[in-house]
Amino acid sequence: MGGRTRSDDERLYNYSSLLACGGKSSQTPKLAGKHRVVIPHLQPFKDEYNRFSGTYVNNRIRTTKYTLLNFVPRNLFEQFHRAANLYFLFLVVLNWVPLVEAFQKEITMLPLVVVLTIIAIKDGLEDYRKYKIDKHINNLVTKVYSRKEKKYVDCCWKDVTVGDFIRLSCNEIIPADIVLLFSTDPDGICHIETSGLDGESNLKQRQVVRGYAEQDPEVDPEKFSSRIECESPNNDLNRFRGFLEHSNKQRVGLSKENLLLRGCTIRNTEAVVGIVVYAGHETKAMLNNPGPRYKRSKLERRANTDVLWCILLLVIMCLTGALAHGIWLSRYESVLFFNIPEPDGHIVSPALAGFYMFWTMIILLQVLIPISLYVSIEIVKLGQIYFIQSDVDFYSEKMDSTVQCRALNIAEDLGQIQYLFSDKTGTLTENKMVFRRCSVAGFDYCHEENARRLESYQEAVSEDEDYTDTLSGSLNNVAKPRAPCCRTVPGGALGSKPSDHLSGSTCAVGSGEGASEVFHSRQAAFSSPIETDVVPDTRLLNKFGQITPHLFTSLDGTIQRPALETFYIMDFFIALAICNTVVVCAPNQPRQKIRLSSLSGTPIRSLEEIKNLFQRLSVRKSSSPSLASGKELPPGVPSTFVSRLSLFSRMKLTSPMEEEVSPMNESSQGCSNSACCMQIEKPHSSAGLTDSKVESLPGSPLASNLCYEAESPDEAALVYAARAYQCTLRSRTPEQVMVDFAALGPLTFQLLHILPFDSVRKRMSVVVRHPLSNEVVVYTKGADSAIMELLSGVSPDGANQEKEQMIIREKTQKHLDDYAKRGLRTLCIAKKVMSDTEYAEWLRNHFLAETSIDNREELLIESAMRLENKLTLLGATGIEDRLQEGVPESIEALHKAGIKIWMLTGDKQETAVNIAYACKLLEPEDRLFILNSQSNDACEVEMSVILKELQKKTPASPGQASLRKCSPQPPLTQDSGQRAALVITGKTLEFALQESLQRQFLELTAWSHTVVCCRATPLQKSEVVKLVRSHLQVMTLAIGDGANDVSMIQVADIGIGVSGQEGMQAVMASDFAISQFRHLSKLLLVHGHWCYTRLSNMILYFFYKNVAYVNLLFWYQFFCGFSGTSMTDYWVLIFFNLLFTSAPPVIYGVLEKDVSADTLMQLPELYQSGQKSEAYLPLTFWITLLDAFYQSLICFFVPYFTYQGSDIDIFTFGNPLNTAALFVILLHLIIESQNLTWIHMLVMIGSILSYFFFALVFGAMCVTCNPPSNPYWIMQEHMLDPVFYLVCILTTCIALLPRFTYRVLQGSLFPSLILRAKHLDRLTPEERAEALKKWRGAGKKNQVTSKYVDQSTGKSGRRPVSGPSAHAMKSATSCAAEQGDLPLCETALDLGFSAPEASDMMDPKI
Amino acid sequence: MAASYRVNEEVDGRPPCAPGGPPKTQRPDNTAFKQQRLPTWQPILTAGTVMPTFFIIGLVSGPIGIGVLVTSNRVQEIHIDYTGTEPSSPCNKCLSTVVTPCICTINFTLEEAFKGNVYMYYGLSNFYQNHRHYVKSRDDNQLSGDFRALLNPSRECEPYRRNEDKPIAPCGAIANSMFNDTLELFLITNKSNPTPVSIPLKKKGITWWTDKNVKFRNPPGGGSLEERFKGTTKPLNWRTPVYMLDSEDDNNGFINEDFIVWMRIAALPTFRKLYRLIEQNNDLHPTLPAGRYYLNITYNYPVHSFDGRKRMILSTISWMGGKNPFLGIAYITVGSISFLLGVVMLVIDHKYKNNSNTDIALQFYILKTKLWHMYQGQPYSA
């Protein structure tokens, strides 16, 4: 198993490292040289097949660890990998050595056997469950091509082998990783849903291997003569490299686009055929199952060190025993009376006897090392997890999910978190991207209406999501009768609506109609009404309206400027609509792609003339020279116009020509009317041509019924935004994208290339052939920083054009800054026109990159760089991502709990800072320091300046904040009235993370109570977490929702995944998964606190219990010549830990509740006890041990003095000792317990009863058994003896008196915060509210003082307190300058306020 | 589809929620137990709440202690050491003499009459009966009359298991080292009549009933004890075989009560074992009237080799056994301490009740914070 676990670990590492670099897997090890060759599993290739595929595994999976035969040996083998079990095994073996034997051999084995059995049963059940599932899966049926029958036959999954041809129908699950060779889709596409793999519910496209798509009939396996060479099995879901070599040695590259992964489901495609390349355990899905995660919690590590102390104690005690026995024996060496010689008659020398005694004592006192501790901890953790998972507060109606505890053994770490690292998007925010603003060609469009609409949503929707669901549902129903109404009342309100939009006459009507057109589909991701609804901006709509066929006619000789802007707008929207990977589907037939089978190019041909025209009018040529050319062509214009009309007439348009020429609103009105009628006919019509045309008409009601499946919410938001402007993405195939463009009608873009988004480039591009200009156009969309660097300064058309661009760029940049300030996510849209030769050249290089196997990623990035340059900026968009419900409150509570929160985001600085203000991560009165430097040295200087500033301000505590190892960070920031916050950008972070600046950086962060890292890459995120975690030695928690947070989640002590909209990768990597950020506060403040307190108290109790009990035996050694005699019956001795006192601590560990959940939520300060590990400090351990020693002394010596010199016999003497110890140990638990329920009582009484029952029954039955400790009738004798009771009561009282008194004094003289909070629980609700107010009031006074400080400085003119954002910018820009003279004033104020603060101190702290 | 879903979900440990499956909600049950809202008793230990407990303990323990102490003091007890290590002792001669049996006599006087049943003990000190090897060295099966064990004693008895190829009955070191002094008690009634009166010592009734009747049994068989023990040999140190320990059959062999008492090994190295019973004849006369007695000892048992002492103890008995003042004193002490603590609690409660923990708690808090800061190496800055 060792080997296996190691490979598991390795796998885990690989997986994380891959994700860490966002799928850029250049550093993946073990690839080169080891390729896999797949030969069809068919007759002609039999020999070759056997040669290659012999070693490949088949598709049978076995996730079980054990088989029926090897269960016992293997399970034992595994269990004995644990040090503890090995130790107990050692003890058992030791007891078989006659010389040192202390107990009967069988008895020592008992605890070990019990523990092993319990765990074996647990493992066995788990494995059996897996076995049943495996069996079910292995016996699923799929269709595999059979050589014999020459057709596809049903076959179990387990019999599928590499090289088999598989035919799958719609909605079937893919049984193995297969390369797609055929799809019934005419474009060679196959849609798959990967929710089984990564939880993402949107559809993804896969493509038939190039060259096979054209084959019309289904691929015939018999004729398939190619061989596939691909990389060896690996776990990277986002990569597949290989090529297919035809018999004529021609190679075709294979990529992940050609691979169907096991576990996914075929959707929207009638049937597909593929060849298996990886099967069974070699499939990517199986390789990606990292299995359960094993982490060791801080508490457990702490407990382990104390176990080591216990071992030391044990050794000392045993050495004492051994030494003393040697000395004792040397005195009585010759007394054969009780110094029994060996069987052979000789007498063991004292030294040797002492040596033997050492081992005997180890066996005797073995219980000191609590074997049951480990089992109990596991049980308790299961119980805690059970309670966390059944907390109804974590239930999210919307997603029908509750918290998932994926790691079972670190729940108590939740109570000790000191640093929280949070992702922003999707974690703090809803990740529902809403189009808010855009800037096109340097003009900002505010979308006021849209903003208003959103506000109303915010109020209504956020509370009740169901309401909108039903609303949209009913609206959908309402929409149905629209069609007939449309027919009977042509030109009615509904019909005229789109024209209103276009003309931009009344925006109010538009908005109303827009809202009513809500369609909410449950199936599609990112399509809540908030996201899909966009109300167009009136101004932009006006300008947009100018994009008409008129444009081309009116072009001759007139205004050029607006035209240029119009082209910008047009390109902008086209880019929004097509520069993405959105899949279009119709929601009323879920998962059914809209079929445009006849997209053969007729519309393109029919638009030929317009295209020619447009070519001349394209953006590049529309400047002055093109005007000249335009002038040269006046005669051509009418002709093109006529042909355009002919196009419209071909669409069965009955409207007269005049209408077409007349103002647009009328014409489109007519169009839409007819479209309406068409729509009704549509189901019956099979003529693809008409169909597509009708659908593509502007204003067709169908347009709103389209549903987009996007990989990221931004994409969806942009496409929906484009749709709102009548630029509707209609369909997407690998070859073409079709867009309804308002007045221009359907435009079909030939899709030449997609360069997908990646986190390194931070942009994506599409290369299309523009249908109008017939040029190769690159549309790029990406982060503003990425795009701005790639813009071209040089234009061949001269200075004018260039200036234009410069102005636009400047303006856009201004707008971008503004957007970011408002917390919007910004994207830039740019385009580039390429000549055919340029493109051809690029394509050649790109093709090389694509087909290389080994360092394809680098080559692809290089290739992308060659394409994405010299861009022309079109505009920018601002997308709002609203905060999740309850986030500010949660953050506030977590802050109060003393958790330092870092926000790590990829967004830009302004966006990040504003979101931070919005979610109360930053408070207006915080001092904000911004680290943004371009070089290493500058960074260092800046950091030291800020540090000095901070240190000056709190003169009392200079350098101590620096990293003294092993000491918790001083809670400085809470002491000083004002909190400091640090903002650092990704670039600077890079410097700060370097070895030389690490220390300074950490010192700086130790001073700030919030740190915001913006523009951070996934790798940086994990590095930051790693740095803080390892250097400050603090407990860290990372929370995130996307794949980019995976590495961070895995690095932190606790990783929490938010199961949001971005798939399941974060959740799969996490220890706990929650559905909303606000659940985090209860998870930490309540469950974390409870779990930590419970477990630590239970562990301490275990140590106490074992030490207290075992020491009885040790004290007895002083009176039996250190000979290792036990005065207790062995069975009772063993059962004491195993039965009589095992259940109460477990119950205590599961049900203990020091403070109620409500109080914990209301007083986050209580969390700090867990951070400081107050429940389990090293000192606590030693005090507990001391108490245990005391109690055992009492337990021994009270009976000792009572029975001293009497005729009591050894086992009768042991009985009151045992009984008293039982009472002491159980009552000790009651003293320590903070709450007692009937379960506690039941278990306590049950334990006591079971003890007496056992003792009585055993005493009655056991006449000769169990020599030499014969318990016969002892308990019975004692129960009739009043002295027995007197002794037990006295012992119990004396033993517990000190602890009881201590607890009482603590409760009344110096209660901890926890205890004081506990008092609140007892009050009536009214009193409680009053008390809480008082409590908080004390805390608030503190804040008031700090506010006062702030205001006074504000009055003195240095720090005007205005809105948060203004303040932020102010402090950001003039931070250093401002702080120059600040400290003086503040120290003075500090003095003035020190008195009230001192009295207020007690509440926010401890 | 559900199947594939389950593959992943099982491996990941995610709760099952197959999309498209029956609308089974994941909502946890809102029960008191699951939501950890069970009605609980939350003991808060403060001076006020526990004060009664202390007083009650104090008030109950005191009287108990006094009662126990009085009872213990009423017990009459006399120890006669007859080890004979002191040269003046009459038994000194037996330490070195080769004369067997060595008989010595010790005179003593009872100042008070012993009333009620009087128990006669022999006491040994520094005798580690509880030594592990010693404790083990017996065979309970043999002693309970198991015939097989009789002839083939347990290995634990080594090296006292066999003697000259014959199994030893009873085997083991415990039996081998059985106490074999004989004690006789005589009352010198008066000076005029020197013929002492022998005090009747009852041999039977000194063991637990269960030991005598259940645990210890002679080997089965119909014949005489000697026949039943045929094939065995006596322990090395014994003078007589086990079936000749006593003349009466119901006190012979393994069920000999002296033997049974010896086999119940003492808990501590200084111990006493019940030797004989002196039963009260009638209520009018004390069992042992005050006066002079002498103890006749057949001195066999060597204890000087391990610095042991031998004593004869005469003791009356109360409901709580022999004389031991410890329990009484302990109870009285605990009672008074807890009463005292009760008073302290009363004071604390009275003094700080009105302030409801705030002032003093604040003081302690500030102190604690200061200490914390000192521990952290930083000055306390409020």
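Residues numbered from 1 in each chain as written. Chains lettered and ligands numbered in written order. Predicted model: local features only at pLDDT ≥ 70, side-chain atom pairs only at ≥ 80, totals over all residues. Heavy atoms only, no water.

Some thoughts on the overall build of chain B
Here's step 1: Across its full length, chain B holds 12 helices and 10 strands.
Here's step 2: Looking at chain B residue by residue over its 382 residues, the buried ones come to 52%. (Helix = DSSP H or I, 4+ residues; strand = E, 2+ residues; numbered from the N terminus. Buried < 20%, exposed > 50% of the residue type's maximum accessible area, 1.4 Å probe, protein only.)

Observations concerning the UniProt feature "active site" (unreviewed entry) in chain A
Residues and elements named next belong to chain A.
Here's step 1: Under the UniProt annotation, "active site" (unreviewed entry) lies at D423.
Here's step 2: Along the chain, D423 falls in strand 15 (residues 419–423).
Here's step 3: Sequence-distant contacts of D423, defined by excluding residues within four places in its chain, comprise L428, L904, K1021, I1039, G1040, D1041, D1045 and M1048.
Here's step 4: Within the structure, the side chain of D423 is placed 3.1 Å from the side chain of K1021, a separation counted as a polar contact. (UniProt positions renumbered as here; feature names shortened; annotations may be inferred. Contact = heavy atoms within 4.5 Å. Polar contact = N/O pair within 3.5 Å; in protein donor to acceptor, adjacent residues only side chain to side chain.)

Thoughts on the sheet that holds strand 6 (residues 182–188) of chain B
All names here are of chain B.
Here's step 1: One open sheet accounts for 4 strands, arranged 2-9-6-7; its pairing is antiparallel. Strands at the two margins of the open sheet, each flanked by one partner only, are strand 2 (102–110) and strand 7 (197–198).
Here's step 2: As judged from the 7 bridges shared by strand 6 and strand 9 (residues 291–299), these two strands associate in the antiparallel manner. In the strand pairing of strand 9, I188 is matched with R292. (Pairing = 2+ DSSP bridges.)

What about the UniProt feature "transmembrane region" (unreviewed entry) in chain B?
Here's step 1: Those residues carrying the UniProt feature "transmembrane region" (unreviewed entry) are residues 44–70 and 326–348 of chain B in this numbering.
Here's step 2: A distance of 32 Å separates the end C-alpha atoms of residues 326–348 of chain B, which is 100% helix and 0% strand.

Quick look at the pattern of salt bridges
Charged atoms that come close allow side chains of opposite charge to pair.
Residues and elements named next belong to chain A.
Here's step 1: According to the stated counting rule, one finds 45 salt bridges over all chains in the structure shown.
Here's step 2: R302 is the partner of D306 in a salt bridge, and the nearest nitrogen-oxygen pair spans 2.9 Å. Placement of the pair is D306 and R302 together in helix 8 (residues 298–331), with a separation of 4 residues, close to one helical turn.
Here's step 3: With relative accessibility at 0%, the residue D306 sits in the buried group. (Salt bridge = Lys/Arg side-chain N within 4 Å of Asp/Glu carboxyl O.)

Here's the deal with the sheet that holds strand 3 (residues 151–156) of chain A
Residues and elements named next belong to chain A.
Here's step 1: The strand order across the open sheet formed by 6 strands is 3-2-4-13-5-11, and the pairing between neighbours is antiparallel. This sheet does not close on itself; its edge strands, each paired only once, are strand 3 and strand 11 (259–260).
Here's step 2: Note: strand 4 (residues 165–169) against strand 13 (residues 271–278), 5 bridges, orientation antiparallel. Paired with L168 across the bridge in strand 13 is V272.

So, the domain arrangement of chain B
Residues and elements named next belong to chain B.
Here's step 1: For chain B, the assigned domains read domain 1 (49–75 + 322–339) and domain 2 (79–116 + 126–321).
Here's step 2: For domain 1 and domain 2, the distance between their C-alpha centroids amounts to 37 Å.
Here's step 3: With 7 residues of domain 1 in contact, the opposing surface of domain 2 contributes 7 residues.
Here's step 4: Of all residues in domain 1, T71, V75 and G322 give up the largest surface area on contact with domain 2, accounting jointly for 73% of the area buried on that side.
Here's step 5: At the surface where domain 1 touches domain 2, the tally comes to 0 salt bridges.
Here's step 6: Along the contact surface separating domain 1 from domain 2 lie 0 residue pairs in polar contact (both at pLDDT 80 or more). (Domains from an automatic or database assignment. Buried area = accessible area lost by both parts, 1.4 Å probe.)

A word on the nonpolar core
Here's step 1: F338 and F1213 of chain A together with F108, F127, W262, L288 and L314 of chain B are the most contacted members of the largest nonpolar core, which totals 216 residues.
Here's step 2: Counting residues per element, this core draws most heavily on helix 42 (residues 1079–1117) of chain A, at 18 residues.
Here's step 3: When residues of this core are assigned to domains, at least three map to each of domain 1 (49–75 + 322–339) and domain 2 (79–116 + 126–321) of chain B.
Here's step 4: Those residues in contact with F127 of chain B, other than ones at most four positions away along the chain, are F337 and F338 of chain A together with Y134, S177, W262, L268, P269, F271, Y301 and F306 of chain B.
Here's step 5: Of all hydrophobic cores here, the second largest spans 68 residues; its members include F435, F544, A721 and L747 of chain A. (Core = buried A, V, L, I, M, F, W, Y, C linked by side-chain atoms within 4.5 Å.)

Focus on the environment of G782 of chain A
All names here are of chain A.
Here's step 1: Looking at the element boundaries, G782 is found in strand 25 (residues 776–782).
Here's step 2: Accessibility expressed as a relative area gives 2% for G782, which makes it buried.
Here's step 3: Once the C-alpha coordinates of G782 and G383 are considered, the two residues, 399 residues apart in sequence, prove to be 48 Å apart.
Here's step 4: The residues contacting G782, other than those within four sequence positions of it, are K762, R763, I787, L827 and C828.

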